[in-house]
Amino acid sequence: MAQQLTLVAKLRQRVEEQGESPAFIFRSPHDGRYVLSWNRLYRLAGRFAAVLNSRGLGRGHLVVNTLVNSPERAVCEAGIWLSGAASVNGHCQMADGSDLLHTLRVSRASALLVDPDVSNSPWNVLTKYVSVGEDDSVTCSDLTDLKKLFFIRRVEGDGPGDFITQLDSDSDWFQADDVTPEDTLTVFTTSGTTGFSKLVVYTHGNFIQPIEAFSKDKRTDTSPLENDCQFSTAPFGWLGGYVGTGAVTCSTKVTCDVRAGGFPKDMPEFIFQVLEKEKCKSMFINPVYLPRLMQLAKTKHVKTDSKAEAQMSEENKLNTIFLGALPVTRHMVAAALSLAHVAVIGYGATDFSGVSYHIVTDSDTFVDHDTGLPVEGVSVKIVSQDDEETALPVNQTGHILVKSLAKSLVYLNDPTLKTDDYLTKDGFFRTQDVGRLDERGHLIVDGRGSDAIMRGPYIFYPSWMESRIRACPGVHDVIITGVPDPLVNEELCACVVMESDSVTLEQVRHFVEKEVVTTEDDPLSPRPRYYLEFQSFPMTDSGKPKRKVIKAQASERLQCSD
């Protein structure tokens, strides 16, 4: 039984049971379609594992993967499983690449996967620091553990140098036969107060157990995950979109091939078309797309007869829409239920995995921010914000502590993060979220208990961006705050104090787009949506800006300007 708690075993099982059924369907904005069956994924992954093995990579080694959602990323991730090594999510959102360099340095990774031909490729930044020698060996004075570089290219017409074409022509194949549930599967990157990610280690068992617990939960006779064809906008390097989920749930993942043309200019239109063409049963998306999807659905299925219209609408609905990673409102649930029969609201985080979920079929009965009952095996308690030794009674708001199924999650190679900093004496994780347990036992999550901003599926700490914007010529000071948004919970707003009238907010915006965050057209990129000029900031007696007051003022000004 324990052997089944590895993704190597799960992948083999899918191959034996489903063979030529799709594991992944990739759609591009130009109507391209690429299918990876379980058989083909397994074959290509084994050949890439052989490549890794021939370079001396296997158990105990970490490989940083910077590839975008694509067939190449899926093959590389599965190949890393089969090799016995583990992947590290190599996202690069800062314009100077300092976040990726931090990940490489802290993880002490042995190898790096990059696609040098895509726009805003991390390689454009790394080439300044890394020297490439024969056999793609690398040297870098600041990254002494990094030894191997793999260029994962896509060549038009499957020409020479194309990654998948090369694997098709290879004959070597490798699979480590000693991978255990306790072996590291992947290292996810998650929010850090400095802008540099914490690195959260997931073993094979830690990743699989919460998914299986959710799939087998007794609240519904039919799991909302199993045997599904699900469209997802989630990145493969993120816990909610990780490549291995389908291997555990026996489901097909449909997603955008970002390598083939980048993010669609009109993502809702793209999603709507793919849902129809692929006959998807469920969807995991950022709520920001819901209003336009509703509009497209109404336009597509409008009927003169109201009864026929309602019937048509029901027939064309998805089975399930998954919402999570932010406080979900009744407004969002109503939008989701206009497109699907069921909305599933979940709560969890990279740091402590899945905690609770709520299956909703009627938005009128939904309580804002309700994440449902904890999954079997997960414990939740609410404690005083002043004294975590004091557990609070029903319907009193405090800090949320959880003890999850993923019992041994740790932060990789970070001496500043001691166990006592995030775990209580009795083994509960300090989520830093604020909420309550109601009389039904449902967990109501209201948001963060700090200055962190909850935007969509991401938690954003503002201090690192503020320090970079202060370097903009003509900027005296800046505060990044969250302002209310009905779909992503909070949008980023840059509140700026100028040194003189010679600098405009548009110039500050241009500086941020060029010098602070990557310019890739990623809807989840951490760039402010709003910019407001302040003459000065209200300050405390100790000389610190009153962030709550600034947030309230920014929210009021934006509301008045609507």
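Provided above is the structure to which this section pertains.
Parameters and conventions
- Residues numbered from 1 in each chain as written.
- Predicted model: local features only at pLDDT ≥ 70, side-chain atom pairs only at ≥ 80, totals over all residues.
- Heavy atoms only, no water.
- Core = buried A, V, L, I, M, F, W, Y, C linked by side-chain atoms within 4.5 Å.
- Buried < 20%, exposed > 50% of the residue type's maximum accessible area, 1.4 Å probe, protein only.
- Helix = DSSP H or I, 4+ residues; strand = E, 2+ residues; numbered from the N terminus.
- Contact = heavy atoms within 4.5 Å.
- Axes fitted to C-alpha atoms, helices over the stretch in contact; angles between N-to-C directions.
- Parallel < 35°, antiparallel > 145°, perpendicular 65-115°, else oblique.
- Nonpolar A, V, L, I, M, F, W, Y, C, P; charged D, E, K, R; others polar.
- Expected span 1.5 Å × (residues − 1).
- Disulfide = S-S within 2.5 Å.
- Pairing = 2+ DSSP bridges.
- Phe/Tyr/Trp six-rings, centres within 6.5 Å; stacked < 30°, edge-to-face > 60°.
- Lys NZ or Arg CZ within 6 Å of the ring centre and 35° of its normal.

Caption draft 1: Summary view of the nonpolar core. Residues Leu7, Phe24, Leu41, Trp81 and Phe207 are the most contacted members of the largest nonpolar core, which totals 71 residues. Among the elements that take part in this core, helix α2 (residues 38-54) stands out by supplying eight residues, more than any other. Discounting chain neighbours no more than four positions away, the residues touching Phe207 are Leu7, Leu185, Tyr202, Leu239, Tyr242, Gly244, Thr245 and Val248. Listed in part, the 36 residues of the second largest apolar core include Phe270, Tyr289, Leu337 and Phe366.

Caption draft 2: Up close: the packing of helix α1 (residues 7-18) against helix α7 (residues 204-215). Their axes nearest at 10 Å, the elements α1 and α7 cross at an angle of 55°. Classified by the angle between their axes, α1 and α7 sit oblique to one another. Contacts between α1 and α7 involve Leu7, Val8 and Lys10 from the former and His204, Phe207, Ile208 and Glu212 from the latter. Its residues assigned to classes, the contact of α1 with α7 comprises four nonpolar, one polar and two charged.

Caption draft 3: Looking closely at α1. In this model α1 runs 16 Å from its N-terminal to its C-terminal C-alpha over twelve residues, within 8% of the 16 Å that 1.5 Å per residue would give. What α1 keeps buried is the set Leu7, Val8, Ala9, Lys10, Leu11, Arg14 and Val15. Phi turns positive, to about 50°, at Gly19, one or two residues after α1.

Caption draft 4: Representation of the state of the cysteines within the structure. According to the stated counting rule, one finds zero disulfides in the structure shown. Here Cys493 is not disulfide-linked; the sulfur of Cys495 is the nearest cysteine sulfur, at 4.0 Å.

Caption draft 5: A look at the sheet that holds strand β19 (residues 398-403). Strands sit in the order β18-β19-β21-β22 across an open sheet of four strands; the sheet is antiparallel. At either end of the open sheet lies a strand with only one pairing partner, and these are β18 (379-383) and β22 (443-448). The mean angle between the axes of side-by-side strands here comes to 45°, regardless of whether they run parallel or antiparallel. Here β19 runs beside strand β21 (residues 429-437); their pairing, made up of four bridges, is antiparallel. Note that in β21 the partner of Gly398 across the bridge is Gly435.

Caption draft 6: Region of interest: the packing of aromatic side chains. Evaluation of the coordinates by the stated rule reveals 20 aromatic pairs. An angle of 20° between the planes, with centres 5.8 Å apart, marks the rings of Phe24 and Phe26 as stacked. One aromatic cluster in this structure is built from Trp81, Phe188, Tyr202, Phe207 and Tyr242. When the ring centre of Phe151 is taken as reference, the NZ or CZ atom of Arg153 above it lies at 5.3 Å. Sitting above the plane of the Phe428 ring, Lys381 keeps its charged end 4.5 Å from the centroid.

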